[in-house]
Amino acid sequence: MLKQGTDIKSFFEAYAKRSNAALQDPPVEDVDGTVASFAPYLVESSPQGVMGGANNTEFRNMIGQGFAKYRNVGGTAMRITGVNVTELDDANVMATVDWEFDYKRRRDGKTGTVGFANRYFLNVAGDTPKIFAYITPDEQQAMQEHGLI
């Protein structure tokens, strides 16, 4: 059972709010807030393979680069449409988060939305939840299918 006061949905709503703000013009990037959402070490799994790394200066730089990439392909908004939490044990949960990524293509102005789901694994033993692993779909393929890259 999750300890009192642990609200995974609110955690991800704040995460989404930061992501959405970073896509605005002008962008408002809360890199500190995003970095603080992650554990000291994290693992990513996607169709490109499995990667891991420390939550360090390089990771911090990657966050800013990621937001810039999304803006560059025409990203205009990122929002959560659903959060489903599965308690794994007293200290860990898996959250399946449904996202929508709105865009306006640079080349022709066409607008659209890419929907996708990520699975996040969070440790909830400390004062705030920390993402220590996540599984993502093929982002490159989705962007190609929508003519963003």
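What counts, and at which threshold
Here the residue numbers are simple positions, counted from 1 along each chain's written sequence. Predicted model: local features are reported for residues with pLDDT of at least 70 only, side-chain atom pairs are reported and counted for 80 or more only, and whole-chain, interface and lining totals are derived from all residues. Excluded from the side-chain calculation are hydrogens and water; included are all heavy atoms of the structure. Strands here mean DSSP runs of E at least two residues long; helices mean DSSP runs of H or I at least four residues long; both are numbered from the N terminus. Think of it in three bands: with a 1.4 Å probe and only protein chains considered, a residue is buried below 20% of the maximum accessible area for its type, exposed above 50%, and partly exposed in between. Two residues form a contact once any of their heavy atoms are found within 4.5 Å. For each structure, a 1 Å grid was placed over the protein atoms alone; sets of points admitting a 1.4 Å probe that cannot get out are labelled cavities, open sets with protein on both sides within 12 Å along at least five of seven lines are labelled pockets, and lining residues have an atom within 4 Å of a point. Grid points are joined across faces, edges and corners, and a volume is the space filled by probe spheres set on the points. Residue polarity is assigned by list, with Asp, Glu, Lys and Arg as charged and Ala, Val, Leu, Ile, Met, Phe, Trp, Tyr, Cys and Pro as nonpolar; anything else, Gly included, falls into the polar class. For two strands to be treated as a pair, DSSP must find no fewer than two bridges joining them. Orientation is described by axes fitted as lines to C-alpha atoms, over the contacting stretch for helices, and by angles from 0 to 180 degrees between their N-to-C directions. Basic side-chain nitrogens of Lys or Arg form a salt bridge, by our definition, when they fall within 4 Å of a carboxyl oxygen of Asp or Glu.

**Student:** So what's going on with the overall build of the protein? Residues and values would help.
**Tutor:** A tally of regular secondary structure across the protein gives four helices and six strands. When the helices and strands of the protein are listed from N to C terminus, the series reads α-α-β-β-α-β-β-β-β-α. Taken along the three principal axes of its C-alpha coordinates, the protein extends 50 × 30 × 30 Å. Expressed as a percentage of the 149 residues in the protein, the buried residues total 38%. Residue pairs at least 24 apart in sequence account for 55% of intrachain contacts in the protein once pairs closer than 6 positions are excluded.

**Student:** Summarise the layout of surface pockets; cite the residues concerned and give the values.
**Tutor:** Over the atoms rolls a probe the size of a water molecule, and its path tells where empty space is left. The space that makes up the largest pocket amounts to roughly 1200 Å³. Counting only elements with at least two residues in the lining of the largest pocket, the list comes to α1 (8-22), β1 (38-46), β2 (49-54), α3 (57-72), β4 (92-104), β5 (111-123) and α4 (139-145). For the lining of the largest pocket, the leading source of residues is α3, giving nine residues. For the lining of the largest pocket, the class distribution of residues is 21 nonpolar, 13 polar and five charged.

**Student:** Explain the sheet that holds strand β6 (residues 130-135) to me, and be specific about the residues and the numbers.
**Tutor:** The six strands lie next to each other as β2-β1-β6-β5-β4-β3, forming an open sheet whose pairing is mixed. Each edge of the open sheet carries a strand with a single partner, namely β2 and β3 (75-87). If you compare each strand with its neighbour and ignore which way they point, the axes differ by 25° on average. Note that β1 and β2 share six bridges and pair antiparallel. Bridge pairing in β2 links Leu 42 to Gly 53. Contacts between α1 and the sheet are confined to β1, β3, β4, β5 and β6, with β3 contributing the most and set at about 165° to the helix.

**Student:** A description of the pairing of β5 should follow, citing residues and the corresponding values.
**Tutor:** The two faces of the sheet receive side chains in turn, since in a regular strand these alternate between them. Inspection of the sheet shows β4 paired to β5 by 13 bridges, in the antiparallel sense. When the bridges of β5 are listed, Lys 104 appears paired with Thr 111. Hairpin connection between β4 and β5: a loop of six residues separates the two successive antiparallel strands, and Gly 109 in this loop has a positive phi of roughly 75°. Two strands pair when backbone bridges link them, and β5 and β6 are joined in this way by five bridges, in the antiparallel orientation. Within β6, the residue paired with Arg 119 across the bridge is Ile 135. The loop that links β5 with its antiparallel partner β6 comprises six residues.

**Student:** Before we move on, can you summarise the pattern of salt bridges with the specific residues and values?
**Tutor:** This model, assessed by the stated rule, comprises six salt bridges. With a closest N to O distance of 2.9 Å, Lys 69 and Glu 139 form a salt bridge. Residue Lys 69 is found in helix α3, and its partner Glu 139 is found in helix α4; the two are separated by 70 residues along the sequence. With relative accessibility at 34%, the residue Lys 69 sits in the partly exposed group.

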